[in-house]
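# A look at the structure
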Amino acid sequence: MIQQLEAILEEAKAKIRQASDLNELGDLKALYLGKKSAFSAAMQDMRMMSESERPLFGQRINAIKAELSTLLEQAKTQIEKAVIEQKLQSEAVDITLPGKPIRLGATHLVTQIIEEIENLFVGMGYTIEEGPEVELDKYNFEMLNLPKDHPARDMQDSFYITEETLLRTHTSPVQVRAMLANHNQRPFKIICPGKVYRNDDEDKTHSHQFSQIEALVVDENTSLSDLKGTLLLLARTLFGEERQIRMRPSFFPFTEPSVEVDISCHRCNGAGCSLCKGTGWIEILGAGMVNNAVLSMAGYDPEKYQGFAFGVGVERVAILRHAVDDIRQFFVNDMRFNRQFR
Ligand code: FA5
């Protein structure tokens, strides 16, 4: 009987060696080590053997079963390894292939300049105020001392939506809204960034939509020299430490006196070049002391309070600082242009 079992062992070994997948191995395990296997049946038959034969026979069967178990385990490990190898090969990534560059976004130049100006003024205790782009005539003009039919309304050609509403032509209406809402705040210091719209003819320096930043201070002891100091700091932050500024008389209905502010040319340092048209100076913004009429309409006693304000065109600052040749470049989303200002 033992020879018969040895023959089965040899047959099992051969089949295990040839097995090519885990299912086949499972079947072989059931066949040779399961309850109905020849070896299990032989164990049952041991009862009929003599006392002297039984131990040797039992030891041999156990040894055969242990050998088969080990062989099955080894075959299983090998098949599993082969499966993993094959998977690794079929899913292999060629790490020598050149990668696809990831295109990173960047902040638009106009937004960068707005943020630079915001940082400067927030650092000096100003708060940022915003207002609607579709504005009431009342705030865009009337409460800024520009009653209906005032000739100075022609300074800002407007897009009207109804008789009383328009696309705001400047950020100055935010001053009015903020003053009406914050009567108790002293000193009152705000900046108002935002988009504005004018029915201007388009050219290299004029667009129908552009950005402004307005600044307003109201307090009991403000003067033109506070305005000048503030603007000097702004000019130096934007255009370099060597900048000087000068004020020229101007006119805005909402400020009195009003000034146009020039900076010394940052390209030629004031010597005269094509950028400053040989004058050494470049105009950058309009400003002035808040007109008493505007203070009164917003609920401030002009006998007690004064203020200063200015409004700067952000695209014009960007054009001057980065030698941009056409304002429309800011709005067409040409990535080659935008990427230069990362
Ligand atoms: C005003 O808009 C006043 N509200 C500014 C102000 C505020 C004065 C507070 C006094 C006190 P002005 O129309 O000059 O002013 O416009 C201000 C700036 O906007 C200009 O200096 C210029 O930089 C920019 N700007 C005006 N029109 C255009 C345009 N069509 N395209 C691009 N930028 C423009």
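Presented here is a report on the structure given in the accompanying data block. Since the model is a prediction, treat every value here as computed from it, not as a measurement. (Residues numbered from 1 in each chain as written. Predicted model: local features only at pLDDT ≥ 70, side-chain atom pairs only at ≥ 80, totals over all residues. Heavy atoms only, no water.)

## Comments concerning the overall build of the protein chain
Along its length, the protein chain carries 11 helices and 9 strands. Each principal axis of the C-alpha distribution contributes one length, and for the protein chain these read about 130 × 50 × 40 Å. Burial statistics for the protein chain: of 342 residues in total, 40% are counted as buried. Taken as a whole, the protein chain presents about 19,300 Å² of accessible surface, with 52% of it coming from carbon and sulfur. Computed over 39 positive and 49 negative side-chain charges, the inter-centroid distance for the protein chain is 7 Å. (Helix = DSSP H or I, 4+ residues; strand = E, 2+ residues; numbered from the N terminus. Buried < 20%, exposed > 50% of the residue type's maximum accessible area, 1.4 Å probe, protein only. Areas by Shrake-Rupley, 256 points an atom, 1.4 Å probe, with all protein chains shown as cover. Lys, Arg positive; Asp, Glu negative; His and termini not counted. Charge placed at Lys NZ, Arg CZ, Asp CG, Glu CD.)

## Looking at the layout of surface pockets
Empty space within the largest pocket amounts to approximately 1,100 Å³. Looking at the largest pocket, it is lined by 47 residues, and the ones nearest its centre are Glu260, Glu283, Ile284, Leu285 and Arg316. For the lining of the largest pocket, the element with the highest residue contribution is strand E8 (residues 281-290), accounting for 8 residues. For the lining of the largest pocket, a count of residues per class yields 19 nonpolar, 15 polar and 13 charged. Taken as a whole, the second largest pocket holds about 290 Å³ of empty space. Forming the boundary of the second largest pocket are 18 residues, of which Val110, Ile114, Gly194, Lys195 and Ser211 lie nearest the centre. Those elements that place two or more of their residues in the lining of the second largest pocket are helix H5 (109-123), strand E4 (188-197) and strand E5 (209-219). By residue number, the principal contributor to the lining of the second largest pocket is H5, which donates 4 residues. Its residues placed into classes, the lining of the second largest pocket shows 5 nonpolar, 7 polar and 6 charged. (1 Å grid on protein atoms, 1.4 Å probe; cavity = no way out; pocket = protein on both sides within 12 Å on 5 of 7 lines; lining within 4 Å. Points joined across faces, edges and corners; volume = space filled by probe spheres on them. Nonpolar A, V, L, I, M, F, W, Y, C, P; charged D, E, K, R; others polar.)

## Topic: the site of the ligand
The local shell around the ligand holds 24 residues, among which His170, Ser172, Arg198, Asp200 and Gln212 are the closest. At 3.0 Å, a backbone N or O of Ser207 approaches a nitrogen atom of the ligand. In this structure, an oxygen atom belonging to the ligand sits 3.0 Å away from a side-chain N or O atom of Gln212. Taking a 2 Å distance to the grid points as the criterion, the majority of the atoms of the ligand fall inside the largest pocket. No other element matches strand E9 (residues 306-313), which puts 4 residues into the shell around the ligand. Looking at the shell around the ligand residue by residue, the classes come out as 8 nonpolar, 12 polar and 4 charged. (Near = heavy atom within 4 Å. Polar contact = N/O pair within 3.5 Å; in protein donor to acceptor, adjacent residues only side chain to side chain. Sits in = over half its atoms within 2 Å of the grid points.)

## Things to note about unusual backbone geometry
Glu256 connects to Pro257 through a cis peptide bond whose omega is 0°. Position of Pro257 among the secondary structure elements: in strand E7 (residues 255-264). Unlike most non-glycine residues, Asn269 shows phi in positive territory, near 55°. Within the fold, Asn269 resides in the loop between E7 and E8. Backbone geometry places Asn333, a non-glycine residue, at a positive phi of 55°. Residue position: Asn333 is located in the loop between helix H10 (314-322) and helix H11 (335-339). Judged by its relative accessible area of 53%, Asn333 falls in the exposed class.

## Some thoughts on the packing of aromatic side chains
Taken as a whole, this structure holds 6 aromatic pairs when the rule is applied. Measuring from ring centre to ring centre gives 5.6 Å for Tyr300 and Tyr305, while their planes differ by 85°; the resulting arrangement is edge-to-face. Look at Tyr300 and you get buried, because its relative accessible area is 3%. Consider the rings of Phe330 and Phe337, whose centres lie 5.8 Å apart with planes at 70°: the pair is edge-to-face. With respect to class, Phe330 is no different from Phe337; both count as buried. Site record: aromatic cluster; members linked through ring pairs are Phe121, Tyr126 and Phe310. (Phe/Tyr/Trp six-rings, centres within 6.5 Å; stacked < 30°, edge-to-face > 60°.)

## As for a negative patch on the surface
Together, Asp154, Asp157, Asp201, Glu202 and Asp203 give the surface a local cluster of negative charge. In this structure Asp201 comes out as exposed when scored by relative accessible area, which is 68%. (Patch = residues over 30% accessible without salt bridge, like charges linked within 9 Å, V, L, I, M, F, W, Y side chains within 5 Å. Salt bridge = Lys/Arg side-chain N within 4 Å of Asp/Glu carboxyl O.)

## With respect to the packing of helix H3 (residues 38-45) against helix H4 (residues 53-90)
At a closest axis distance of 10 Å, the pairing of H3 and H4 adopts a crossing angle of 165°. With respect to H4, the element H3 is oriented roughly antiparallel. For the element pair H3 and H4, the recorded crossing hand is left-handed. When H3 is examined against H4, the residues Phe39, Ser40, Ala42 and Met43 are found in contact with a partner set consisting of Phe57, Ile61, Asn62, Ile64, Lys65 and Leu68. Here the residues of the contact of H3 with H4 are counted per class, giving 7 nonpolar, 2 polar and 1 charged. (Axes fitted to C-alpha atoms, helices over the stretch in contact; angles between N-to-C directions. Parallel < 35°, antiparallel > 145°, perpendicular 65-115°, else oblique. Left-handed = near helix turned anticlockwise from the far one by under 90°. Contact = heavy atoms within 4.5 Å.)

## As for empty space enclosed by the protein
Under the criterion given, the structure shown has 1 cavity of 30 Å³ or more. Phe141, Leu146, Ala152, Met155, Gln156, Phe252, Pro253 and Phe254 are the residues that line the largest cavity. Looking at the lining of the largest cavity, its residues break down into 7 nonpolar, 1 polar and no charged.

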